[in-house]
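# Observations on the three-dimensional arrangement
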There are 2 protein chains.
Amino acid sequence: MKSNLYEKKAQIFKALSNPVRLEIIDFLADGEKCVCEIVEKLNYEQPHISKSLIKLKEAGLIKDRKEGLNVYYSLKICCMGEFFNCLNKILESESKS
Amino acid sequence: MKSNLYEKKAQIFKALSNPVRLEIIDFLADGEKCVCEIVEKLNYEQPHISKSLIKLKEAGLIKDRKEGLNVYYSLKICCMGEFFNCLNKILESESKS
DNA sequence: TGACAATATTCCAAAAATGGAATACTATAA
DNA sequence: TTATAGTATTCCATTTTTGGAATATTGTCA
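The name given to chain A in an unreviewed UniProt entry is Winged helix-turn-helix transcriptional regulator, with the source organism recorded as Candidatus Galligastranaerophilus intestinavium.

Below, the discussion takes up the protein's contact with DNA strand C. In the vicinity of DNA strand C there are 21 residues, among which Lys51 of chain A together with Cys36, Gln46, Ser50 and Tyr73 of chain B approach most closely. Among the atoms of DNA strand C close to the protein, meaning within 4 Å, 55% are from sugar or phosphate groups. One of the side-chain nitrogen or oxygen atoms of Lys51 of chain A is found 2.5 Å away from a base oxygen of DNA strand C. At a separation of 2.9 Å, a phosphate oxygen of DNA strand C approaches a polar side-chain atom of Tyr73 of chain B. Listing elements by their share of the surface near DNA strand C, those giving two or more residues are α4 (46-58) of chain A together with α3 (35-42), α4 (46-58) and β3 (70-75) of chain B. A per-element tally of the surface near DNA strand C places α4 of chain B first, with five residues. Classifying every residue of the surface near DNA strand C by side-chain character gives 10 nonpolar, six polar and five charged.

Attention now moves to unusual backbone geometry. A negative phi angle is the norm for most residues apart from glycine, just as the trans form is the norm for most peptide bonds. A positive phi angle, near 60°, is found at Asn43 of chain A, a position not held by glycine. Following the sequence through the fold, Asn43 of chain A ends up in the loop between α3 (35-42) and α4.

Basis of the calculations
Residues numbered from 1 in each chain as written. Chains lettered and ligands numbered in written order. Predicted model: local features only at pLDDT ≥ 70, side-chain atom pairs only at ≥ 80, totals over all residues. Heavy atoms only, no water. Near = heavy atom within 4 Å. Polar contact = N/O pair within 3.5 Å; in protein donor to acceptor, adjacent residues only side chain to side chain. Helix = DSSP H or I, 4+ residues; strand = E, 2+ residues; numbered from the N terminus. Nonpolar A, V, L, I, M, F, W, Y, C, P; charged D, E, K, R; others polar.

The structure is reproduced here in structure tokens:
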């Protein structure tokens, strides 16, 4: 029961434990984007971006919306920003030591 | 430069992407603990706990302090709680849908 | 010094993640 | 209906992670 919760949280962190996926999250913080925009912005192969988006979606971090040929993705959580700021502090203090 | 930052953040998330390590973080939120206390509480093999602690330490999430035979570990970051609460909300909303 | 308790390290096989390449699917427009 | 643009899926080899088992290291005390 409780260990299952740790499993699920671990899944969320796993979805975030990849630089490409973090870059996508960062870009989506700017607002909803379609796959083609993300591909163009991040300069990775389209299948790679698609797989990354699906992983983030499965973790419950982003959601999608279809419109014609395009699929638009956007962030589903709001607490990312604060935690990312905190991580930045950690990384700063490490680079000093 | 910037991509390197994503790499480092991904490393932190990777350290958090494991249920045992999350359980350790949770236990340490209660205050500083020695390895033997963590082993007893979490009921895993001592080498496994040791390796988990080292991974968390390398990610900059916890710190250690030696005292005689014992090594005491404690959290190095304070922003974990808020983010964890946010994750709980995500997991709750998912379990409803 | 020798024995022991607490912790860390190494070794290893199985499982999972990674990312490239090719291909499939789907909605639209001609 | 066919061609095409946008997106998703599958396949695969390589790398990384995982966790158990054995062993090494380190500090303390008699």
